[in-house]
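# What the coordinates show
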Amino acid sequence: MSAGKTLCVNDLRFLGDIADLTSADWSRASLCTEWSNHEVLAHLVIGRSAPLGTITTGVIRQRSFDRENTRAARTLAAQRTPGELISDYHRFTEQPAGVGKLFPRSLLLGDHVVHELDILFALGRDSRVPTDILVKVLNTQVRLPNPFVPAYFTALGLRLHATDADWNHGTSGPAVEGTAAALASVLAGRPRMLAHLRGHGVTLLAQRMALTTR
């Protein structure tokens, strides 16, 4: 299956999995700093549809990619209900627009999966992401430097092992193990999931994450 098809199929699965979330669920704080679950969903829609020029102008005005990211997500969430955003996301999954047609599919897959976990883990739910998708995300995280995700650098010199998937990374250094979903979440910079990992390398991983979030 092509990377684009994999992304589309996984996004459609995700939309089905979140169909039962309540208004209270959407208003809860996500694992993504300062964003509610509703705002995370809005961010995902923006990433599938926003014109590149609009994003660039916003970044220039805010003088920060992160600040513009937050402003845009909050603005759209205030304008569109979760149900409306789910409909928007479904439409743009099948017909991407703007930056949704430009970003590499592997990076988008990682972004979408991590944000799905931001929502589910915040609600105390288990991951519903298929194991093969999580493995693809983990491989991208540790192999491809990404200015928006610290995984490549925080994973250096560690031996990572997924306890529920055929995935390992690194041959030397302190060990860190946990489920594939927990590893993907932590490597994307979500410290709340550190408690779900174990091994001598967890302390070092936590220290590196603290440095990247200052």
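Residues numbered from 1 in each chain as written. Predicted model: local features only at pLDDT ≥ 70, side-chain atom pairs only at ≥ 80, totals over all residues. Heavy atoms only, no water.

Under the domain assignment used here, the chain contains domain 1 (3-123) and domain 2 (131-213). Facing the 17 residues of domain 1 at the interface are 17 residues of domain 2. Buried surface at the junction of domain 1 and domain 2, summed over both partners, amounts to about 1300 Å²; 76% is from carbon and sulfur atoms. The three residues of domain 1 that bury the most area against domain 2 are Leu31, Val114 and Phe121, which together make up 34% of that side's buried surface. At the boundary of domain 1 with domain 2, the tally comes to one salt bridge. In this structure, Asp118 and Arg190 form a salt bridge, with 2.7 Å as the shortest nitrogen-oxygen distance. (Domains from an automatic or database assignment. Contact = heavy atoms within 4.5 Å. Buried area = accessible area lost by both parts, 1.4 Å probe. Salt bridge = Lys/Arg side-chain N within 4 Å of Asp/Glu carboxyl O.)

So, on to the UniProt feature "domain: Mycothiol-dependent maleylpyruvate isomerase metal-binding" (unreviewed entry) in the chain. Sites flagged by UniProt as "domain: Mycothiol-dependent maleylpyruvate isomerase metal-binding" (unreviewed entry) map to residues 15-91. Summarising residues 15-91: 74% helix, 0% strand, and an end-to-end C-alpha distance of 11 Å. (UniProt positions renumbered as here; feature names shortened; annotations may be inferred. Helix = DSSP H or I, 4+ residues; strand = E, 2+ residues; numbered from the N terminus.)

Attention shifts here to the sheet that holds strand β1 (residues 159-162). Taken together, the three strands give an open sheet; going across it, the order is β2-β1-β3, and neighbouring strands pair in mixed fashion. Taken across any chain shown, the strands that pair with only one partner, and hence form the sheet edges, are β2 (168-169) and β3 (175-178). Bridge count for β1 against β3 is four bridges, and the pairing is parallel. Paired with Arg159 across the bridge in β3 is Ala175. (Pairing = 2+ DSSP bridges.)

Glancing now at helix α6 (residues 82-94). Compared with the 18 Å implied by 1.5 Å per residue over 13 residues, the 19 Å span of α6 between its first and last C-alpha is a close match. Residues of α6 that are buried: Pro82, Leu85, Asp88, Tyr89, Phe92 and Thr93. The buried residues of α6 all sit within an arc of 135° when viewed along its axis, so they share a single face. In this structure, the buried side of α6 is in contact with α1 (3-17), α2 (23-27), α3 (37-49), α5 (65-79) and α7 (105-122). (Expected span 1.5 Å × (residues − 1). Buried < 20%, exposed > 50% of the residue type's maximum accessible area, 1.4 Å probe, protein only. Arc of directions from axis to C-beta.)

Note on placement: Phe65 falls in helix α5. Along the primary structure Phe65 and Thr81 are separated by 16 residues, whereas in three dimensions their C-alpha atoms are 24 Å apart. Excluding anything up to four places from it in sequence, Phe65 contacts Val59 and Phe148.

Okay, the packing of α3 against α5 next. Packing of α3 against α5 brings their axes to within 8 Å, and their N-to-C directions diverge by 105°. Taken together, α3 and α5 sit at an angle that is classed as roughly perpendicular. In contact with His38, Glu39, Ala42, His43, Val45 and Ile46 of α3, α5 contributes Asn69, Ala72, Ala73, Arg74, Leu76 and Ala77. (Axes fitted to C-alpha atoms, helices over the stretch in contact; angles between N-to-C directions. Parallel < 35°, antiparallel > 145°, perpendicular 65-115°, else oblique.)

One pass over the structure, following the stated rule, counts two aromatic pairs. Seen from their ring centres, Phe14 and Tyr89 are 6.0 Å apart, and the 65° between their planes marks the pair as edge-to-face. On the criterion of sequence distance, the pair formed by Phe14 in helix α1 and Tyr89 in helix α6 is long-range, its members being 75 residues apart. Overall, Tyr89 belongs to the buried group, its relative accessible area being 0%. Here the guanidinium or amino end of Arg91 rests over the ring plane of Phe92, the centre of that ring lying 4.5 Å away. (Phe/Tyr/Trp six-rings, centres within 6.5 Å; stacked < 30°, edge-to-face > 60°. Lys NZ or Arg CZ within 6 Å of the ring centre and 35° of its normal.)

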